[in-house]
Amino acid sequence: MADDLKILIVDDEPIIIRSCEAILKSEGYNVEGTLGAKKAILRMEQQPYDLVFTDLKMPEVDGITLIRWIKQKRPDTGIVIITGYPSQDTIKDALELGIIDYVPKPFTPAVLLDVTRRAVEWVKGKAPVVKKEKEELPPSMLQEIDRIINQYKNKPGSSIPVLQRCQGIVGYLPPVVQKRIAKGLNTTPAEIHSIVSFYSFFTMKPRGDHNIRICLGTACYVKRVEEVLNKIKGDLKIAVGEVTEDKKFSLETVRCLGACGLAPVMVIDEETYGAMNPKKVPDIIEKYR
Ligand code: FES
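Calculation criteria
- Residues numbered from 1 in each chain as written.
- Predicted model: local features only at pLDDT ≥ 70, side-chain atom pairs only at ≥ 80, totals over all residues.
- Heavy atoms only, no water.
- Phe/Tyr/Trp six-rings, centres within 6.5 Å; stacked < 30°, edge-to-face > 60°.
- Buried < 20%, exposed > 50% of the residue type's maximum accessible area, 1.4 Å probe, protein only.
- Lys NZ or Arg CZ within 6 Å of the ring centre and 35° of its normal.
- Helix = DSSP H or I, 4+ residues; strand = E, 2+ residues; numbered from the N terminus.
- Contact = heavy atoms within 4.5 Å.
- pLDDT = per-residue confidence, 0-100.
- Pairing = 2+ DSSP bridges.
- Salt bridge = Lys/Arg side-chain N within 4 Å of Asp/Glu carboxyl O.
- Axes fitted to C-alpha atoms, helices over the stretch in contact; angles between N-to-C directions.
- Parallel < 35°, antiparallel > 145°, perpendicular 65-115°, else oblique.
- Left-handed = near helix turned anticlockwise from the far one by under 90°.
- Nonpolar A, V, L, I, M, F, W, Y, C, P; charged D, E, K, R; others polar.

Let's talk about the packing of aromatic side chains
Under the definition given, this model contains 3 aromatic pairs. With a centroid separation of 6.3 Å and an interplanar angle of 85°, the aromatic rings of Tyr199 and Phe202 are classed as edge-to-face. For the pair shown, Tyr199 and Phe202 are each scored as buried. Members of the aromatic cluster, joined through ring pairs, are Tyr199, Phe201 and Phe202. For Lys155, the ring lying beneath its charged end belongs to Tyr152, and the centroid distance is 5.6 Å. In this structure, Arg255 packs its charged tip against the face of Tyr102, placed 4.5 Å from the ring centre.

What about the side chain of Ser159?
Checked against the element boundaries, Ser159 lands in helix α7 (residues 159-170). A relative accessible area of 15% means that Ser159 is categorised as buried. Each residue touching Ser159, except ones within four places of it in the same chain, is listed here: Leu185, Ile192 and Ile195.

Topic: the confidence of the model for the chain
Across the chain, the average pLDDT comes to 87, with 92% of residues at 70 or higher. Across the chain, element-level confidence peaks in helix α12 (residues 281-286) with a mean pLDDT of 97 and bottoms out in helix α5 (residues 109-134) with 68. Every residue in residues 127-135 is under pLDDT 50, and counting partners more than four places away or in other chains gives 8 contacts.

A look at the pairing of strand β7 (residues 249-254)
Counted residue by residue, β7 has 6 buried out of 6 residues, so it is predominantly covered. In β7, alternate side chains face the same way, and those of Phe249, Leu251 and Thr253 on one face and Ser250, Glu252 and Val254 on the other are all buried. Of the strand pairs in this sheet, strand β6 (residues 210-215) and β7 are connected by 6 bridges, and their pairing is parallel. Bridge pairing links Ile212 to Leu251 in β7.

Considerations on the pairing of β6
Most of β6 is tucked away: 6 of the 6 residues are buried. Of the two faces of β6, the one holding His210, Ile212 and Ile214 and the one holding Asn211, Arg213 and Cys215 are both buried throughout. In this structure, β6 lies alongside strand β8 (residues 266-268), joined through 3 bridges in antiparallel fashion. Across the sheet, Arg213 pairs through a bridge with Val267, a residue of β8.

A word on the pattern of salt bridges
Pairs can form between side chains of opposite charge whenever their charged atoms are close. Taken as a whole and assessed by the stated rule, the structure comprises 13 salt bridges. In this structure, Asp114 and Arg117 form a salt bridge, with 2.7 Å as the shortest nitrogen-oxygen distance. One end of the pair, Asp114, and the other, Arg117, are both in helix α5, 3 residues apart, so they sit about a helical turn from each other. Assessed through its relative accessible area of 28%, Arg117 is described here as partly exposed. Shared partners join several salt bridges into a network, and the residues in it are Asp101, Asp114, Arg117, Arg118, Glu121 and Arg255.

Some details on the packing of α7 against helix α9 (residues 189-198)
Helix packing geometry: the angle between the two helix axes and the distance between the axes. Interaxial distance between α7 and α9 falls to 11 Å at its minimum, and their mutual angle equals 70°. Taken as axis vectors, α7 and α9 run roughly perpendicular relative to one another. Crossing of α7 against α9: the hand is right-handed. Of the residues in α9, those in contact with Ser159, Ile160 and Leu163 of α7 are Ile192, Ile195 and Val196. Along the lines of polarity and charge, the residues of the contact of α7 with α9 split into 5 nonpolar, 1 polar and no charged.

Describing the environment of Leu51
Mapped onto the secondary structure, Leu51 falls in strand β3 (residues 51-55). By relative accessible area, Leu51 is classed as buried at 0%. Sequence separation of Leu51 and Ile82 is 31 residues, and the distance between their C-alpha atoms is 13 Å. Setting aside residues up to four positions removed in sequence, Leu51 forms contacts with Lys6, Ile7, Leu8, Thr77, Gly78, Ile79, Val80, Ile100, Ala119, Val120 and Val123.

Here we look at the sheet that holds strand β9 (residues 271-273)
Read from one edge of the open sheet, 4 strands run β7-β6-β8-β9, paired in mixed fashion. Unpaired on one side and paired on the other, β7 and β9 mark the two borders of the sheet. When strand polarity is set aside, the average angle formed by the axes of neighbouring strands in this sheet is 20°. In the packing of helix α11 (residues 225-236) onto the sheet, contacts are made with β6, β7 and β8, and the angle to β6 comes to roughly 150°.

Right, here's the structure in full:
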């Protein structure tokens, strides 16, 4: 059983709802679906959900209107968008409203489960993670972060450069840093978090000397990238999002690396490895030891 969080899927395409329900239920998630934002609002007026996955383009009431309603009436609900156009422009409004993450259409079961796992972690672990990490950042680092925030304060479009520079200092963007930036720039932690989730060059966890990214997009998935992923997890003895004990390798999954013709694809640091299979893994990893 995954956990007891309640998830609501909102889309105007019944096939998307059915697919999400089937995939998430098979992993033990407590999930329901509803056709369109209007029905979702009626349902959420009656009962709360921990996570809502919503399409953006829907007739009658669109996804942005639903997100605004949730933010006002059910602010504790985490929001993930499902979109066929995950470009900066099309989801700009959603990012500004503070979504946790997005699922691109068409999506593979692996991508949906990966995004769900991270969204559930976020919903369940917000407060304790911040508290624990607060004690771990040295004061000099916090001072430097504040200096950067003050430099950009009141300037439009400052979130991304501030996040980039802070990641340069800390190495990653833990919740304590995201919260500090949000406060300093007079925005919400959810908005900062959604920017960090959306851009793959931001990371919320420390990375190893060599960062391995495995593509879970459709082209790679149908060419059995999961077998490659499982081999790497087994050989390095880490799960996705973790770093090896010697800090040499970290492992991440991504939704498409833009090299679908080479599927299945793995990238280590800046090097792309196409047509991957589990047998190739040991020799490639050895080059980085
Ligand atoms: S789906 Fe893997 S590179 Fe595009």
